[in-house]
Amino acid sequence: MASPCNVAVLISGNGSNLQALIDASSESNYRVAAVISNNPEAYGLQRAAAASIPTVTINHRDFTDRVSFDRALIAALENLHPDLIVLAGFMRILSAEFVQHFAHRIVNIHPSLLPRYPGTNTHQRAIDAGDSEHGASVHFVTEELDGGPVIAHAVVAIQPGDTAATLQQRVHAEEHKIYPQVVSLFASGRLRMRDGKAWLDSDELPANGIRLE
Ligand code: GRF
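Residues numbered from 1 in each chain as written. Predicted model: local features only at pLDDT ≥ 70, side-chain atom pairs only at ≥ 80, totals over all residues. Heavy atoms only, no water.

Enquirer: How would you sum up the pattern of salt bridges? Please name residues and give values.
Expert: As enumerated under the stated definition, the model contains five salt bridges in all. The partner of Arg170 in a salt bridge is Asp162, and the shortest N-O contact between them spans 2.6 Å. Residue class for Arg170 comes out partly exposed when judged on its relative accessible area of 29%. (Salt bridge = Lys/Arg side-chain N within 4 Å of Asp/Glu carboxyl O. Buried < 20%, exposed > 50% of the residue type's maximum accessible area, 1.4 Å probe, protein only.)

Enquirer: Can you tell me about the pairing of strand β7 (residues 150-157), naming the residues and giving the values?
Expert: For β7, the buried fraction is high: six of the eight residues fall into the buried class. When strand β6 (residues 133-140) meets β7, the two strands line up antiparallel, connected through seven bridges. Across the sheet, the residue bridging to His139 is Val150, located in β7. Bridge count between β7 and strand β11 (residues 210-211): two bridges; the pairing is parallel. Bridge pairing links His153 to Arg211 in β11. (Helix = DSSP H or I, 4+ residues; strand = E, 2+ residues; numbered from the N terminus. Pairing = 2+ DSSP bridges.)

Enquirer: Any chance you could break down the site of the ligand for me, citing the residues and the numbers?
Expert: What surrounds the ligand is the set Asn14, Gly15, Ser16, Asn17, Gly89, Ile109, His110, Pro111, His172 and Glu175. Ile109 is positioned such that a nitrogen or oxygen atom in its backbone is 2.9 Å from a nitrogen atom of the ligand. Starting from 370 Å² of accessible surface for the ligand in isolation, the protein chains cover 84%. With respect to the detected pockets, the ligand is housed in the largest pocket. Elements with a minimum of two residues in the shell around the ligand: α1 (16-25), β5 (106-110) and α6 (164-187). Here the shell around the ligand is composed, by residue class, of two nonpolar, seven polar and one charged. (Near = heavy atom within 4 Å. Polar contact = N/O pair within 3.5 Å; in protein donor to acceptor, adjacent residues only side chain to side chain. Areas by Shrake-Rupley, 256 points an atom, 1.4 Å probe, with all protein chains shown as cover. 1 Å grid on protein atoms, 1.4 Å probe; cavity = no way out; pocket = protein on both sides within 12 Å on 5 of 7 lines; lining within 4 Å. Sits in = over half its atoms within 2 Å of the grid points. Nonpolar A, V, L, I, M, F, W, Y, C, P; charged D, E, K, R; others polar.)

Enquirer: How would you sum up the layout of surface pockets? Please name residues and give values.
Expert: Volume-wise, the largest pocket comes out at about 890 Å³. Gly89, Phe90, Met91, Asn108 and Ile109 are the residues nearest the centre of the largest pocket, which is lined by 37 residues in total. Mapped by element, the contributors of at least two residues to the lining of the largest pocket are α1, β5, α5 (122-128) and α6. Broken down by element, the residue count for the lining of the largest pocket peaks at four residues, all from α6. (Points joined across faces, edges and corners; volume = space filled by probe spheres on them.)

Enquirer: Requested: an account of the packing of α1 against α6, with residues and values cited.
Expert: Helices that pack against each other are described as a pair by the angle of their axes relative to one another and the distance between those axes. At a minimum axis distance of 9 Å, the contact between α1 and α6 shows a crossing angle of 45 degrees. Relative to α6, the element α1 lies oblique. Crossing of α1 over α6 shows right-handed handedness. Contacts from Ser16, Asn17, Ala20, Leu21 and Ala24 in α1 reach His172, Glu175, His176, Tyr179, Pro180 and Val183 in α6. Here the residues of the contact of α1 with α6 are counted per class, giving six nonpolar, four polar and one charged. (Axes fitted to C-alpha atoms, helices over the stretch in contact; angles between N-to-C directions. Parallel < 35°, antiparallel > 145°, perpendicular 65-115°, else oblique. Left-handed = near helix turned anticlockwise from the far one by under 90°. Contact = heavy atoms within 4.5 Å.)

Enquirer: Can you lay out the nonpolar core for me, pointing to particular residues and giving the numbers?
Expert: If you look at the biggest cluster of nonpolar residues, it comprises 44 residues, and the most contacted ones within it are Val9, Val32, Val86, Ile151, Tyr179 and Leu191. No other element matches α6, which puts nine residues into this core. With near-sequence residues (within four places) excluded, Val86 lies in contact with Val7, Ala8, Val9, Leu10, Leu21, Val107, Tyr179 and Val183. Counting residues in each nonpolar core, the second largest holds 18 residues, with Ala8, Phe69, Ala76 and Phe90 among its members. (Core = buried A, V, L, I, M, F, W, Y, C linked by side-chain atoms within 4.5 Å.)

The structure is reproduced here in structure tokens:
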């Protein structure tokens, strides 16, 4: 891969993970080459502009269906030639066509220890289940929502008295640490998706991925 690795980050909102990726990139082997948002109001667009990173807004409301929105997204990304597509709080479900188009080159961060709690409301679900541990996962994206092979977990202990809000805060802080590490592993060529699994160097990663902090 040409160095540094060109990363396109897809966002829908605040973009604190985008910020963590931008901040870490100056001393890393990847660069955030572009930021795409489906939401024109996303604060992350301002973060990108402040870092002089080109932005593209493709408002899903301008499209009648998911397939046509995804085709516009594919076209925009094709212009940018990213080595890796990083979903960072991107709140649209991607079509099979999109996932296949960029197969093995899309990662996502999710606020739970996958495979536990795909979908939404993860912090409350972990508390309600009486779990002692919770956290965040980075995984390769497949057609199954939050179902692709896990690359890394960051684990957070659930304390007595935790609420969804307090837990979310601690999980978010962990996300900011692990996402740049995973992108850097991909950029170095050490991390790959093959045969539906995540691989680090010559090792197939276990179902929980690697533990990062
Ligand atoms: C994070 O909690 C991430 O796990 C989830 O969306 C949130 C994005 O937060 N996919 P931010 O926009 O990066 O602050």
